[in-house]
Amino acid sequence: MSKTILPGSTIGILGGGQLGRMMALKAREMGYRIAVLEPKSGSPCGQVSDVEVVSGYDDRDGAKKLAEVSDVITYEFENIAHETASWLEENAYMPQGGELLRTTQDRFVEKASIQQAGLKVAPFQKVNSKEELIHACEEIGFPAVLKTRTGGYDGKGQWVMKESSDIEGIEFPDVACIVESWVPFQKELSVIVTRSVTGEMTTFPVGENIHVNNILHQTIVPARIDESIQEKACDLGKKLAHDINLVGTLAVELFLEGNELYVNELAPRPHNSGHYTMEACETSQFEQHIRAICGLPLGSTELLKPVVMGNILGQHVEPLIESISELGSAKLHLYGKDEAKHNRKMGHINFLASSTEEAEERMTRWKLWQ
Ligand code: AMP
């Protein structure tokens, strides 16, 4: 049953990180009130919310409290306990449901469901021991990568094996894993698709993503790819969204190899590679998400200007503050996190220009990332 949630209502967000913060800021502009559930008060999202429910993500009482004060519930990260998601599905209005969360929490289930939708993924197998890993690698070949089924992000919980002798050096983790073949990609891309409770659907322009040490460093838009790949990526995103009955936002991470697109990973929420939309598109991914779950018409995703998004990690904060005069007209977003730990995502900057080359040149001229 879909409802229209009007401005003045309260949106409850599970998770208090930067994605929740950027959703909340946009929703407040649109006249909504925000409640957030997060174990610590004063979180990036808590700072800009009307109500903070300070509670563990798997605490039933916390979920109940959030439900009591919210007219609609959404989430900003995928590792929400099954029990909490199921309880909210039954006892509150959470139009995104819990199914996609359950799928994307487990790499094996996720890849199987992508395959079921008729899309390509790198060959993979589940493995629970070193013996199974050796056996699977005989079939899959090398290079290959071992990944934990749950809990990994930014390359954590991953072991790359270039040849069979590399298996010896791996201490098999104490958790269920998958092994998949390494895709010799030319580019990493992502497409963000949004589907409203009404079934209306949009995709944002494809982003070209550059990672450094497995962490997203830059997103370049328009991606430097053929129009036909652009279309293929958007069609694939829409097909997936349709197949899984998506409500809300889905980020689809892709590898481009030759003319083939392989799906690497799904994120059932706004995504770091979509931060460029905040100034470069007519509607941002955060506004679109709010519109989708509230049953408002979706906005135009048209790209207004070429853009390069650069992530600010913990180690970039001090140099950023010292050289803030270099910012020029670039758009700075900081997430209100107090501890600037190494590699922690602290903010991002959008460089808009008349071409991606110029935007990139502005970014690299500022020696922040060297
Ligand atoms: P993930 O956590 O699965 O998104 O992996 C983090 C990064 O590792 C990706 O963005 C890729 O750069 C790289 N990677 C992971 N799996 C593969 C693969 N099967 N083939 C090539 N690169 C990969």
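This text gives an overview of the structure that appears in the document. (Residues numbered from 1 in each chain as written. Predicted model: local features only at pLDDT ≥ 70, side-chain atom pairs only at ≥ 80, totals over all residues. Heavy atoms only, no water.)

### With respect to the overall build of the protein chain
If you tally the helices and strands in the protein chain, you get twelve helices and 17 strands. Its C-alpha radius of gyration of 20 Å places the protein chain within 12% of the 21 Å reference for a compact globule of 370 residues. For the protein chain, the spread of C-alpha atoms along the principal axes amounts to about 60 × 50 × 40 Å. Split into buried and exposed, the 370 residues of the protein chain put 56% on the buried side. For the protein chain, restricting intrachain contacts to residue pairs at least 6 apart in sequence, the fraction spanning at least 24 positions comes to 62%. Of the accessible surface of the protein chain, which amounts to about 16,200 Å², a share of 47% is contributed by carbon and sulfur atoms. (Helix = DSSP H or I, 4+ residues; strand = E, 2+ residues; numbered from the N terminus. Rg over C-alpha atoms; globule rule 2.2 N^0.38 Å. Buried < 20%, exposed > 50% of the residue type's maximum accessible area, 1.4 Å probe, protein only. Contact = heavy atoms within 4.5 Å. Areas by Shrake-Rupley, 256 points an atom, 1.4 Å probe, with all protein chains shown as cover.)

### Comments concerning the sheet that holds strand S7 (residues 158-161)
Sheet architecture is open: four strands sit in the order S5-S8-S6-S7, paired in antiparallel fashion. Each edge of the open sheet carries a strand with a single partner, namely strand S5 (124-127) and S7. Taken pair by pair, the neighbouring strands of this sheet meet at an average axis angle of 20°, ignoring direction. Relative to strand S8 (residues 177-181), strand S6 (residues 144-148) runs antiparallel, the two being bridged by five bridges. Counterpart to Thr-148 in the pairing with S8 is Cys-177. Strands S5, S6, S7 and S8 of the sheet are contacted by helix H5 (residues 107-116), whose axis makes an angle of about 150° with S5. Packing of helix H6 (residues 130-140) onto the sheet brings it into contact with S5, S6, S7 and S8, and relative to S5 it is tilted by some 170°. (Pairing = 2+ DSSP bridges. Axes fitted to C-alpha atoms, helices over the stretch in contact; angles between N-to-C directions.)

### Structural notes on the side chain of Thr-10
Looking at the element boundaries, Thr-10 is found in strand S1 (residues 10-14). Of note is the side chain of Thr-10, whose polar atom sits 3.5 Å from the side chain of Arg-33. Filtering out sequence-adjacent residues up to four positions away, Thr-10 remains in contact with Arg-33, Ile-34, Ala-35, Val-69, Ser-70, Asp-71 and Val-72. (Polar contact = N/O pair within 3.5 Å; in protein donor to acceptor, adjacent residues only side chain to side chain.)

### Quick look at the site of the ligand
Looking at the ligand, there are 16 residues lining it, with Gln-158, Glu-180, Val-183, Glu-188 and Glu-265 nearest. Between the ligand and Arg-107 there is a distance of 3.1 Å, counted from an oxygen atom to a side-chain nitrogen or oxygen. One of the side-chain N or O atoms of Asn-264 is found 3.0 Å from an oxygen atom in the ligand. For the ligand, whose free accessible area comes to 480 Å², the fraction covered by protein is 95%. Residue assignment for the shell around the ligand shows that the elements contributing at least two residues are S6, S8, strand S13 (248-257) and strand S14 (260-267). Each of domain 2 (123-181) and domain 3 (187-369) accounts for three or more of the residues forming the shell around the ligand. (Near = heavy atom within 4 Å. Domains from an automatic or database assignment.)

### Side note on unusual backbone geometry
With an omega of -5°, the peptide bond between Phe-142 and Pro-143 qualifies as cis. Topologically, Pro-143 is positioned in the loop between H6 and S6. Here the amide bond leading from Val-221 into Pro-222 is cis, since omega sits at 5°, within 30 degrees of zero. Inspection of the secondary structure puts Pro-222 in the loop between strand S12 (215-221) and helix H8 (227-243). Notably, Asn-213 is not glycine yet its phi reads approximately 50°, a positive angle. Following the sequence through the fold, Asn-213 ends up in the loop between strand S11 (207-212) and S12. Its relative accessible area of 66% is what places Asn-213 among the exposed residues.

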